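Letter by letter, the chains look like this.
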Amino acid sequence: MAVQKHEVVPIESSSDIVLIRQKVRGWATELRFTLVDQTKMITAASELARNTLEHGGGGKVLFEAISNGTRNGLRLTFEDQGPGIPDIEQALRDGFTTKNGLGLGLSGSRRLVNEFEIASKVGAGTKIVVTRWK
Amino acid sequence: MERIPILRMGNFLLVTIQVDMHDKLAMTLQDDLTKAIADFDSRGVLIDISTLEIVDSFIGRMLANIAAMSRVLDAETVLVGMQPAVAITLVELGMSLPGVRTALNVESGMELLQESVGSFHMSMNDGSAET
């Protein structure tokens, strides 16, 4: 897996979520994603960035343009040092929410990407890696 | 403070969302619209999202809230102009916006509002839109 380009963007306020959406649009356009694929990746990024902000107390996202030899893709790694998720399986269920949201952030964004990985430790933080291939 | 303008046209309110909204702006719009419905005694709200490039669960929830709140205030909401890529993504995300009326464009959205509000307001219509 070759990383062609990378960038780290902080997630500290709700305007950072807007900035991240615009950046994903830029990266996905550069990777020549179709409009539907771009829209899915931007929406997933918006959900995950909001989770990082609201549940993780802020953090950062790593953008990577990657290639596996045959395909190019966009990989996003969201990381926070927040309280962590005690029960990941429950958190990934549609409709599960600890705040007053709809509980679609994690479960919904997982459906919008090709690869989804989550690691979380209570008291240490959460890391979510999503990839969408061209 | 940044705000999305709400236009008043007779008994209806028109909103065109043309910026990539941050969460607070979406909440402000929800509050402003609800207040405007009550202040102007509006019977319908038309929200044009044709320039919105994404609708995530937060914006989707805001739109559903507006529709629900306006219904409680005796006004109809019609959402118009959603881009196909946005619709595909929104449904895959798990939001099908139940309870929100939609139309493909502003014109058919206005027709829908006029129909639901009744014959009294049909006087606003020149008749050409009737089928």
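Residues numbered from 1 in each chain as written. Chains lettered and ligands numbered in written order. Predicted model: local features only at pLDDT ≥ 70, side-chain atom pairs only at ≥ 80, totals over all residues.

### Remarks on the overall build of chain B
Operational definition: Helix and strand assignments follow DSSP, with helices taken as H or I runs no shorter than four residues and strands as E runs no shorter than two, numbered in order from the N terminus. Placing a C-beta atom from the backbone of each residue, one calls two residues in contact when those atoms lie within 7 Å.
Counting secondary structure elements, chain B contains four helices and five strands. When the helices and strands of chain B are read in sequence order from the N terminus, they spell out β-β-α-β-α-β-α-β-α. Projected onto the principal axes, the alpha-carbon positions of chain B cover approximately 40 × 35 × 25 Å. Within chain B, counting contacts between residues at least 6 apart in sequence, those at least 24 apart form 74% of the total.

### Some thoughts on the overall build of chain A
Filter applied, for reference: Computation of the radius of gyration draws on C-alpha atoms alone. For the globule rule, the value is 2.2 Å times the number of residues to the power 0.38. Once C-beta atoms are placed from the backbone, each residue is buried if 20 or more other C-beta atoms lie within 10 Å of its own, exposed if 12 or fewer, and partly exposed for counts between those two.
For chain A, the helix and strand inventory stands at four helices and five strands. Helices (α) and strands (β) of chain A occur, in sequence order from the N terminus, as β-α-α-β-β-α-α-β-β. For 134 residues, the compact-globule estimate of 2.2 N^0.38 gives 14 Å, and the C-alpha radius of gyration of chain A, at 14 Å, lies within 12% of that figure. When the backbone C-alpha atoms are referred to their principal axes, chain A occupies close to 40 × 25 × 25 Å. In chain A, which comprises 134 residues, the share counted as buried stands at 40%. Across chain A, the fraction of contacts at a sequence separation of at least 24, relative to all contacts at a separation of at least 6, is 65%.

### Here's the deal with the sheet that holds strand 4 (residues 76–80) of chain B
Hydrogen bonds between backbone atoms are what pair the strands of a sheet, whose relative direction is either parallel or antiparallel. Residue and element names in this part refer to chain B. Inclusion rule: Strand pairing is assigned whenever DSSP identifies at least 2 bridges connecting the two strands. As a rule, the C-alpha atoms of each element are fitted with a line to give its axis, helices using only the stretch in contact, and angles between N-to-C directions run from 0 to 180 degrees.
Read from one edge of the open sheet, five strands run 1-2-3-4-5, paired in mixed fashion. Two strands in the sheet have a free side with no partner beyond their single neighbour: strand 1 (6–9) and strand 5 (101–103). Each strand axis lies, on average, 25° off the axis of its neighbour in the sheet, ignoring direction. Where strand 3 (residues 44–48) and strand 4 come together, five bridges link them in parallel fashion. Within strand 4, the residue paired with L46 across the bridge is V78. Running at roughly 155° to strand 4, helix 2 (residues 57–72) makes contact with strand 3 and strand 4 of the sheet.

### Comments concerning the interface of chain B and chain A
Which entries qualify depends on this criterion: In this count, Pro and Cys sit with the nonpolar residues alongside Ala, Val, Leu, Ile, Met, Phe, Trp and Tyr, while Asp, Glu, Lys and Arg are called charged and the others, Gly among them, polar.
At the interface, 18 residues of chain B touch 24 residues of chain A. Counting residues per element, the ones that place at least two in the side of chain B that touches chain A are helix 1 (23–40), helix 2 and helix 3 (84–93) of chain B. Per element, the largest residue contribution to the side of chain B that touches chain A is six residues, and it comes from helix 3 of chain B. When its residues are assigned to classes, the side of chain B that touches chain A shows seven nonpolar, four polar and seven charged.

### Description of the pairing of strand 2 (residues 59–67) of chain A
Residue and element names in this part refer to chain A. Of the strand pairs in this sheet, strand 1 (residues 2–11) and strand 2 are connected by nine bridges, and their pairing is antiparallel. Paired with A2 across the bridge in strand 2 is S67. As paired elements, strand 2 and strand 3 (residues 72–80) share nine bridges and run antiparallel to each other. Looking across to strand 3, one finds that G59 is bridged to D80.

### Some points on the sheet that holds strand 2 of chain A
Residue and element names in this part refer to chain A. Spatial strand order, 1-2-3-5-4: five strands in an open sheet with antiparallel pairing. Since the sheet does not close on itself, it has two edges, and those belong to strand 1 and strand 4 (115–121), each with one partner. Between one strand axis and the next, the sheet turns by 15° as a mean value, whatever way the strands run.

### With respect to the packing of helix 2 (residues 35–54) of chain A against helix 3 of chain B
Which entries qualify depends on this criterion: Working rule for angles: under 35 degrees goes down as roughly parallel, over 145 as roughly antiparallel, 65 to 115 as roughly perpendicular, anything else as oblique. Helix crossings get a hand from a simple test, with the near helix turned counterclockwise from the far one by less than a right angle marking a left-handed crossing and a clockwise turn marking a right-handed one.
It is at 9 Å that the axes of helix 2 of chain A and helix 3 of chain B come closest, and there the two elements cross at 45°. Classified by the angle between their axes, helix 2 of chain A and helix 3 of chain B sit oblique to one another. The two elements helix 2 of chain A and helix 3 of chain B meet at a crossing, and its hand is right-handed. Contacts from L35, V36, T39, K40 and T43 of chain A in helix 2 of chain A reach A85, V86, I88, T89, E92 and L93 of chain B in helix 3 of chain B. Split by residue class, the contact of helix 2 of chain A with helix 3 of chain B holds six nonpolar, three polar and two charged.

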